[in-house]
2 protein chains.
Amino acid sequence: MRKVFLFMDTVINKVDAKGRVSLPADYRAIVKELSTEIVCYRSLSAPCIEGCLEETLDKLANVIEDATDFFSETQDNLTNLIFGDARRFTFDSTGRIMLSEKLLKHAGISDTAVFVGKGRKFQIWNPQNWAKEEARIRAEVMKNRPVLKVNKDEK
Amino acid sequence: MRKVFLFMDTVINKVDAKGRVSLPADYRAIVKELSTEIVCYRSLSAPCIEGCLEETLDKLANVIEDATDFFSETQDNLTNLIFGDARRFTFDSTGRIMLSEKLLKHAGISDTAVFVGKGRKFQIWNPQNWAKEEARIRAEVMKNRPVLKVNKDEK
DNA sequence: TGGTATAACATGGTAAATTATGGGATTCAA
DNA sequence: TTGAATCCCATAATTTACCATGTTATACCA
């Protein structure tokens, strides 16, 4: 029994004529072990598909419910977009999900897709687009090294 | 039952044709005792592989997860790099992990690898590269002794 | 302290299981 | 009945699990 559930790694899979893609085995293992489902929606910030566990969106919904901060209204708008767009994607016995035309179009994916782990979330990109995006991010990170404080709120 | 979990020492192991390497026994002991897993990724700052416990990345994910940051772009970029690159590496019954081509290439490792303890993390180097790097670091430290500021609040 | 028995380890090889993916067959709805 | 979605089977490639052996380190005892 694992303790930690993170979407990681970058895996390239084929999208067949029917729009089917194998969900990476690691991702499937998480879904199974937590007996939950994958949810996907169009990313609001990039030309890619974003996915996460249903629980993750549930948490988001809870926070929005009792959000009292300044940005709550903005966030509320954003969640409208997310929840309006999101859908469950269950995988079949061979581990494949069927991405919708809408999602594929948004990400510009035709016959190949690359899954990029993001911890609690993951993204699905057109391979070429991801290559460019990764290079961009890497360059930016190298330029002004941001500090990630892992132990921020640790005691 | 031990109290302290640190990756230490410098161990040289062989990498076989399939990319398999024995994880140092001490490292394995830590993983087993904490019933967790090892995660490896390309170092952002050096030509080497970096590894840590899955829990370490989980802490990072928790910080990011904070729902107010659900749509944030700043840390988002960085997690793409880290989580997109990282992967769990479970060792088999004989204690070996199988390093990916990507990681080996980044570190310039072919048939020999050296594990270097770094406390909460460790690194895997090409032996020659590590020899140079160690000499460099040692010289640097000798020249201008760094000051380690310890956070008083931490225990 | 020195020597030996025992256990742990690294490492090569191989067998078994998992995974990705193509191609139908079946079902359901428009 | 046509098109789409779901399910099932087959297969090749990859990954993982297991066995075997020589070597090194550790524990034990005289």
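1. A few points about the protein's contact with DNA strand C
Part 1: Near DNA strand C there are 23 residues, and of these Lys18 and Arg28 of chain A together with Lys18, Arg28 and Arg96 of chain B occur at the shortest range.
Part 2: Taken together, the sugar and phosphate atoms account for 48% of what DNA strand C places within 4 Å of the protein.
Part 3: Here a base oxygen of DNA strand C sits 3.0 Å away from a polar atom, N or O, in the side chain of Arg96 of chain A.
Part 4: Of all elements in the fold, only β1 (10-14), β2 (20-22) and α1 (25-33) of chain A together with β1 (10-14), β2 (20-22) and α1 (25-33) of chain B reach the threshold of two or more residues within the surface near DNA strand C.
Part 5: Residues of the surface near DNA strand C, tallied by class, amount to five nonpolar, six polar and 12 charged.

2. A word on the protein's contact with DNA strand D
Part 1: With respect to spatial proximity, the complete set of residues near DNA strand D consists of Lys18, Arg20, Thr94, Arg96 and Met98 of chain A together with Arg20, Asp92, Ser93, Thr94, Arg96 and Met98 of chain B.
Part 2: The separation between a base oxygen of DNA strand D and a polar side-chain atom of Lys18 of chain A is 3.4 Å.
Part 3: At a separation of 3.4 Å, a base nitrogen of DNA strand D approaches a polar side-chain atom of Arg20 of chain B.
Part 4: Breaking the surface near DNA strand D down by element, the ones donating at least two residues are β6 (96-98) of chain A together with β6 (96-98) of chain B.
Part 5: Looking at the surface near DNA strand D residue by residue, the class counts come to two nonpolar, three polar and six charged.

3. Re the sheet that holds strand β5 (residues 87-89) of chain B
Residues and elements named next belong to chain B.
Part 1: Here six strands make up an open sheet; going across it, the order is β1-β7-β8-β4-β3-β5 and the pairing antiparallel. The sheet terminates laterally at β1 and β5, the two strands that pair on one side only. Averaged over all pairs of adjacent strands, the angle between strand axes in this sheet comes to 30°, irrespective of strand direction.
Part 2: Looking at chain direction, strand β3 (residues 38-42) and β5 are connected through three bridges and run antiparallel. Residue pairing across strands places Cys40 opposite Arg87, the latter belonging to β5.
Part 3: Running at roughly 55° to strand β7 (residues 112-118), α1 makes contact with β3, β4 (49-53), β7 and β8 (121-125) of the sheet.

4. Focus on the environment of Leu103 of chain B
Residue and element names in this part refer to chain B.
Part 1: Within the element layout of this structure, Leu103 appears in helix α4 (residues 101-107).
Part 2: It is 6.1 Å that separates the C-alpha atoms of Leu103 and Arg42, two residues lying 61 residues apart in sequence.
Part 3: Leave out the neighbours within four places in its chain, and Leu103 touches Cys40, Tyr41, Arg42, Ile49 and Phe89.

5. Some points on empty space enclosed by the protein
Part 1: A complete count under the given rule lists two cavities of 30 Å³ or more for this structure.
Part 2: Taken as a whole, the largest cavity holds about 60 Å³ of empty space.
Part 3: Around the largest cavity, the lining residues are Arg2, Leu6, Met8, Asp26 and Ile30 of chain A together with Arg87 and Arg88 of chain B.
Part 4: Breaking the lining of the largest cavity down by element, the ones donating at least two residues are α1 of chain A together with β5 of chain B.
Part 5: Within the lining of the largest cavity, the residues separate by chemical class into three nonpolar, no polar and four charged.
Part 6: Empty space within the second largest cavity amounts to approximately 40 Å³.
Part 7: Arg138 of chain A together with Tyr41, Arg42, Leu44, Leu81, Ile82 and Asp85 of chain B are the residues that line the second largest cavity.
Part 8: Its residues assigned to classes, the lining of the second largest cavity comprises four nonpolar, no polar and three charged.

What counts and how
- Residues numbered from 1 in each chain as written.
- Chains lettered and ligands numbered in written order.
- Predicted model: local features only at pLDDT ≥ 70, side-chain atom pairs only at ≥ 80, totals over all residues.
- Heavy atoms only, no water.
- Near = heavy atom within 4 Å.
- Polar contact = N/O pair within 3.5 Å; in protein donor to acceptor, adjacent residues only side chain to side chain.
- Helix = DSSP H or I, 4+ residues; strand = E, 2+ residues; numbered from the N terminus.
- Nonpolar A, V, L, I, M, F, W, Y, C, P; charged D, E, K, R; others polar.
- Pairing = 2+ DSSP bridges.
- Axes fitted to C-alpha atoms, helices over the stretch in contact; angles between N-to-C directions.
- Contact = heavy atoms within 4.5 Å.
- 1 Å grid on protein atoms, 1.4 Å probe; cavity = no way out; pocket = protein on both sides within 12 Å on 5 of 7 lines; lining within 4 Å.
- Points joined across faces, edges and corners; volume = space filled by probe spheres on them.

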